Amino acid sequence: MKPSLSARDVFFRYGDLDVLRGVDIDLYPGEVTILLGPNGAGKSTLIGVLSGMLRPSRGEALLFDRNPLSYPRRAMARLLSAAGQSPPTDFPMNVEEYVALGRFAHQGFFGGMTREDRERVDGALSMSGLACFKNRPLSEISAGERQRAVVARAIAQGAAVMLLDEPTAFLDIRHRVAFYEVVARLSENRGCAVLVASHDLSLCAEYGERIVLLSDGKVAAQGTPDEVLTPENIRAAYGISVACDRNPATGAIRVTPLRSGIAETGP
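Residues numbered from 1 in each chain as written. Predicted model: local features only at pLDDT ≥ 70, side-chain atom pairs only at ≥ 80, totals over all residues. Heavy atoms only, no water.

J.: How should the overall build of the protein be read in this particular structure?
T.: Scanning the protein from terminus to terminus reveals 9 helices and 11 strands. The C-alpha radius of gyration computed for the protein amounts to 19 Å, which stays within 12% of the reference 18 Å derived for 267 residues, consistent with globular compactness. Counted over contacts in the protein with a minimum sequence separation of 6, partners at least 24 positions apart contribute 65%. A total of about 13,100 Å² of accessible surface is found on the protein, and carbon and sulfur atoms cover 51% of it. Averaging the coordinates of the 30 positive side-chain charges in the protein and doing the same for the 31 negative ones gives two points 4 Å apart. (Helix = DSSP H or I, 4+ residues; strand = E, 2+ residues; numbered from the N terminus. Rg over C-alpha atoms; globule rule 2.2 N^0.38 Å. Contact = heavy atoms within 4.5 Å. Areas by Shrake-Rupley, 256 points an atom, 1.4 Å probe, with all protein chains shown as cover. Lys, Arg positive; Asp, Glu negative; His and termini not counted. Charge placed at Lys NZ, Arg CZ, Asp CG, Glu CD.)

J.: Looking at this structure, I do not really get the environment of Glu119. What am I missing?
T.: Relative to the assigned elements, Glu119 resides in helix α4 (residues 115-127). Sequence spacing of Glu119 and Val150 is 31 residues, and the spatial spacing of their C-alpha atoms is 18 Å.

J.: Even after reading the chapter, I still don't get the side chain of Asp200, so can you show me in this structure?
T.: Mapped onto the elements, Asp200 comes out in the loop between β7 (193-197) and α7 (201-207). Here the side chain of Asp200 touches Arg176 through a polar contact of 3.4 Å, side chain to side chain. With sequence-adjacent residues up to four places away left out, Asp200 is seen in contact with Thr168, Arg176 and Tyr180. (Polar contact = N/O pair within 3.5 Å; in protein donor to acceptor, adjacent residues only side chain to side chain.)

J.: Sorry, what's going on with the side chain of Ser198 here?
T.: Inspection of the secondary structure assignment puts Ser198 in the loop between β7 and α7. With relative accessibility at 2%, the residue Ser198 sits in the buried group. Within the structure, Ser198 has its side chain in polar contact with the side chain of Tyr180 (distance 2.9 Å). Discounting chain neighbours no more than four positions away, the residues touching Ser198 are Ile34, Leu35, Leu36, Lys43 and Tyr180. (Buried < 20%, exposed > 50% of the residue type's maximum accessible area, 1.4 Å probe, protein only.)

J.: What is the right way to look at the pattern of salt bridges in this model?
T.: Any two side chains of opposite charge can pair, on the condition that their charged atoms come close. Throughout the structure, instances matching the rule amount to 12 salt bridges. For Lys2, the salt bridge is made with Asp65, and the minimal N-O distance between the two is 2.5 Å. Linking Lys2 in the segment before β1 (5-14) with Asp65 in the loop between β4 (58-63) and α2 (73-79), this pair joins segments that are 63 residues apart in sequence. Summarising the burial analysis for this pair, Lys2 and Asp65 share the class exposed. In this structure, Glu116 engages Arg120 in a salt bridge whose closest nitrogen and oxygen atoms are separated by 3.9 Å. Of this pair, Glu116 and Arg120 are both found in helix α4, 4 residues apart, which corresponds to roughly one turn of the helix. (Salt bridge = Lys/Arg side-chain N within 4 Å of Asp/Glu carboxyl O.)

J.: It is not clear to me how the sheet that holds β1 should be interpreted in this structure. Could you clarify?
T.: Note: strands within a sheet are paired through backbone hydrogen bonds, in either parallel or antiparallel orientation. Taken in spatial order, the 3 strands make up an open sheet running β2-β1-β4, and their pairing is antiparallel. The outermost strands of the open sheet, each flanked by one partner alone, are β2 (17-27) and β4. Averaged over all neighbouring strand pairs, the angle between strand axes comes to 25 degrees, with direction disregarded. As judged from the 8 bridges shared by β1 and β2, these two strands associate in the antiparallel manner. Directly across from Ala7, in β2, lies its bridge partner Ile25. In the packing of helix α1 (residues 43-50) onto the sheet, the strands contacted are β1, β2 and β4, and the crossing angle to β1 comes to about 120 degrees. (Pairing = 2+ DSSP bridges. Axes fitted to C-alpha atoms, helices over the stretch in contact; angles between N-to-C directions.)

Set out below in structure tokens:
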């Protein structure tokens, strides 16, 4: 199976600082890949390169065998959606209107919502648990609800590849689990290739088929959760000692930080 989106020997620099150093990654249809790594490891920068927002200083990103920058705007939006931070609270629109922006690439020259557009928006609102908030202004909902609106907009877009940059940052445990359930359904039912940058070490083992661990701008490990989520890999990347065992209900790897487990180089 050919990857939908790849990075090949990607380097990226901010001034004199090398943020990414020779990164290789493949995202496949129908597969959820979780991107892990400490703050400053390069996760957001890699998503910027993969989405075509940032141009690598060396190497390349390939979206269906083409540079993302080579696609016209609408064509690109049909193939790839990206979601990062919450929308500004001063957006003069309600939740439904914001989520409907995801349908821009599918509308004709004169715009206007088609029946399919409305069905996609309604489905995205339902999947993200926002149907009851659809008429609420963005300024009147919580940070967690705005984050879910960002994800709902990406879902409504209906792209073949989804890049989600820490989408659960403001969510409680119930909504974090609900988010991963939605992502798993999109991957299974629509064949989406999904990349989620996350800090949820245990939840990612429940839902990610593949884990990519970034550290110091490089891929420190990648593979199945069992292969990547080891005490050695986590200590090397995060500087903390953990215990890894299995969830007794699901059998997935479970990561538990150890008290006084900070490495000597940590605070």
